[in-house]
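Residue-level listing of the chains:
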Amino acid sequence: MNNKPEILSPAGDAECLNSALNFGADAVFLAGKAFGMRSASKNFDNSELKQACELAHRKGARVHLTCNVLPRNRELALLPDFLTYAQECGVDAFIIADLGVFEAAKKYAPGVARHVSTQAGVTNYASANVLYNMGASRVVLAREIPLSEIAEMRARLPKELEIECFVHGAMCVSFSGRCLISSYMTGRDANHGDCAQPCRWKYHLFEENREGQYFPVEEDSDGTYLYNSRDLCMIEHIPELVKAGISSFKIEGRAKSAYYTAVTTNAYRHALDDYCAEGESFALKPWIREELEKISHREYNTGFYFNHEPGQVTGNGGYIRHYDAVAVCENQIDDTTSLISQRNKFFAGDTLDVLPPSGIPFNIKCISLMNEDGEYVDSAPHPTQRLTMKSDLPVPSASVIRKKRD
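The following refers to the structure shown. Bear in mind that the values here come from a model prediction, so they are computed numbers and not experimental data.

1. Comments concerning the pairing of strand β11 (residues 248–251)
Neither face of β11 is exposed, since Ser248 and Lys250 on one face and Phe249 and Ile251 on the opposite face are all buried. Of the strand pairs in this sheet, strand β1 (residues 6–10) and β11 are connected by three bridges, and their pairing is parallel. Bridge pairing in β11 places Glu6 opposite Ser248. In terms of strand pairing, strand β7 (residues 162–170) meets β11 through four bridges, oriented parallel. The residue bridging Cys165 from the neighbouring strand is Phe249, located in β11.

See below:
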């Protein structure tokens, strides 16, 4: 297929970066220690950013650096050095929301492509064309745009201007990612990456003459979650996304785990590759859809792509969790022996679900566990504990190991 879309994966830290690269990302988006919209993530300091670019480029992937905060006057003096250093590191593109930052990037890092963030609220071909004429090589569309309008935009834009769209992950109640609820309620500025996520909190009504008596909007003993959006999942609509002319499939989640990055990257990688190979005979393999049930998530839907509101989960604020990531394979020693690093407790004798770098999951039985002192143990109780595991099938290096919840 000509102009095959890119799989763009989140990398909140070095472990997430490795997961994205191991499971097939064409590009990753990450942040430095400043100017990025996810302050809860570990992010990358200067030396780590350089190492991240070198690793990604060795594996044939690109690095998109988020510079998408809406900066205040006092921050602007720090911007030139930040942009210049990012170019020296080998960053391939900046993701930018602010026009002042956009012009500064042109001046201080002219060798780095400029992508316009979803926070800029690009909702039509006229604004996209203006940004292209200003030097943008890509626009990340607002999440409010249905596929029919994306296809029209593609037809009215220069072919050189790429279109990036979110295909998976958390949604929020804001317009194009801009929200003031957190600032009002907690003083934490969402537009500087410090959102307290008050849209996930529990809310009640009260009547002024009945002080202290709170009433849920729906009769539910746990309260009502007025703003709690469902998660976006477009895995069943790969053909429609491709036909609309989207250049990059973006997976939300820089504040999420390496396990989440591995599973989502792998699922969209396989689904897109299958569609590109099979064309109109394509049918999504059931295991790919099932993989996305193995990560923590809110109820899924398709957002605004088919003219539907994203919808709210009003009965609870929590996640659906069917599986736990219990270990990562550091090294396959032989056909039955692996060196693993523990992530959650599991036991010798357990049936485990393995996601290898090939991306096709399979089950194994954990026959035995041995700690670093050479002692056999019944379980792996300590976070990041390294153990030698015997199993009935080989576990390739870099595999993620899961266990289904009871």
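2. Quick look at the nonpolar core
If you look at the biggest cluster of nonpolar residues, it comprises 88 residues, and the most contacted ones within it are Phe94, Ile150 and Tyr268. Among the elements that make up this core, the one with the highest residue count is helix α9 (residues 258–278) (ten residues).

3. What about helix α3 (residues 79–89)?
Residues of α3 that are buried: Leu79, Pro80, Phe82, Leu83, Ala86 and Cys89. For α3, the secondary structure elements touched by its buried residues are α2 (46–58), β3 (62–67), β4 (93–96) and α4 (99–108). Once α3 finishes, Gly90 follows within two positions and takes phi at roughly 100°, a positive value.

4. Things to note about the environment of Leu131
Within the element layout of this structure, Leu131 appears in helix α5 (residues 125–134). Classification of Leu131 as buried rests on a relative accessible area of 10%. On a C-alpha basis, the gap between Leu131 and Arg114 in space is 9.9 Å, while along the polypeptide they are 17 residues apart. Residue contacts for Leu131: discarding those within four places in its chain leaves Leu99, Phe102, Val116, Val122, Ala136 and Val139.

5. Details of the packing of aromatic side chains
Per the stated rule, a full pass over the model turns up two aromatic pairs. With 5.1 Å between their ring centres and 50° between their planes, Phe35 and Phe82 make a pair best called tilted. Taken together, the residues Phe35 in the loop between β2 (27–30) and α2 and Phe82 in helix α3 connect sequence positions 47 residues apart. Neither Phe35 nor Phe82 differs from the other in exposure class; each is buried. Taking the centre distance of 5.5 Å and the plane angle of 80° together, the rings of Tyr275 and Phe282 count as edge-to-face. Sitting over the face of the ring of Phe102, Arg114 holds its NZ or CZ atom 4.2 Å from the ring centroid. The aromatic ring of Tyr323 is capped on one face by Lys294, whose charged end is 5.3 Å from the ring centroid.

6. Here we look at empty space enclosed by the protein
Under the criterion given, the structure shown has one cavity of 30 Å³ or more. Put simply, the largest cavity is a space of about 90 Å³. Lining the largest cavity, in full, are Leu141, Ala142, Arg143, Ile145, Cys165, Phe166, Met171, Leu232, Thr302, Gly303, Phe304 and Tyr305.

7. As for the pairing of strand β5 (residues 113–116)
For a regular strand, side chains alternate in direction, first toward one face of the sheet and then toward the other. As defined by bridge partners, β4 adjoins β5 across four bridges and the pair is classed as parallel. Among the inter-strand pairings, Ile95 is bridged to a residue of β5, identified as His115. Looking at chain direction, β5 and strand β6 (residues 138–140) are connected through two bridges and run parallel. Across the sheet, residue Val116 finds its bridge partner in β6, namely Val139. Remark: the β5/α5/β6 crossover connection has right-handed handedness.

8. Remarks on the layout of surface pockets
Of the voids in this model, the second largest pocket is the one considered here, and its volume is about 680 Å³. If you list the elements that add at least two residues to the lining of the second largest pocket, you get α1 (14–22), α9 and β13 (323–332). Residue contributions to the lining of the second largest pocket peak at seven residues, all from β13. The residue inventory of the lining of the second largest pocket, partitioned by class, reads 14 nonpolar, eight polar and nine charged.

9. Concerning the environment of Thr123
Looking at the secondary structure, you find Thr123 in the loop between β5 and α5. With relative accessibility at 28%, the residue Thr123 sits in the partly exposed group. Taking the C-alpha atoms as reference points, Thr123 and Pro146, separated by 23 residues in sequence, lie 9.8 Å from one another.

10. A few points about the packing of α3 against α4
The axes of two packed helices give the description: the angle between them and the distance between them. At a minimum axis distance of 9 Å, the contact between α3 and α4 shows a crossing angle of 55°. As the angle between them shows, α3 and α4 are arranged oblique. Where α3 crosses over α4, the two elements pack in a sense that is right-handed. In this structure, α3 uses Leu79, Pro80, Leu83, Thr84 and Gln87 to contact α4, whose residues at the interface are Val101, Ala104, Ala105 and Tyr108. The residue makeup of the contact of α3 with α4, split by class, is seven nonpolar, two polar and no charged.

Basis of the calculations
Residues numbered from 1 in each chain as written. Predicted model: local features only at pLDDT ≥ 70, side-chain atom pairs only at ≥ 80, totals over all residues. Heavy atoms only, no water. Buried < 20%, exposed > 50% of the residue type's maximum accessible area, 1.4 Å probe, protein only. Helix = DSSP H or I, 4+ residues; strand = E, 2+ residues; numbered from the N terminus. Pairing = 2+ DSSP bridges. Core = buried A, V, L, I, M, F, W, Y, C linked by side-chain atoms within 4.5 Å. Contact = heavy atoms within 4.5 Å. Phe/Tyr/Trp six-rings, centres within 6.5 Å; stacked < 30°, edge-to-face > 60°. Lys NZ or Arg CZ within 6 Å of the ring centre and 35° of its normal. 1 Å grid on protein atoms, 1.4 Å probe; cavity = no way out; pocket = protein on both sides within 12 Å on 5 of 7 lines; lining within 4 Å. Points joined across faces, edges and corners; volume = space filled by probe spheres on them. Right-handed = clockwise from strand over helix to strand, strands pointing away. Nonpolar A, V, L, I, M, F, W, Y, C, P; charged D, E, K, R; others polar. Axes fitted to C-alpha atoms, helices over the stretch in contact; angles between N-to-C directions. Parallel < 35°, antiparallel > 145°, perpendicular 65-115°, else oblique. Left-handed = near helix turned anticlockwise from the far one by under 90°.

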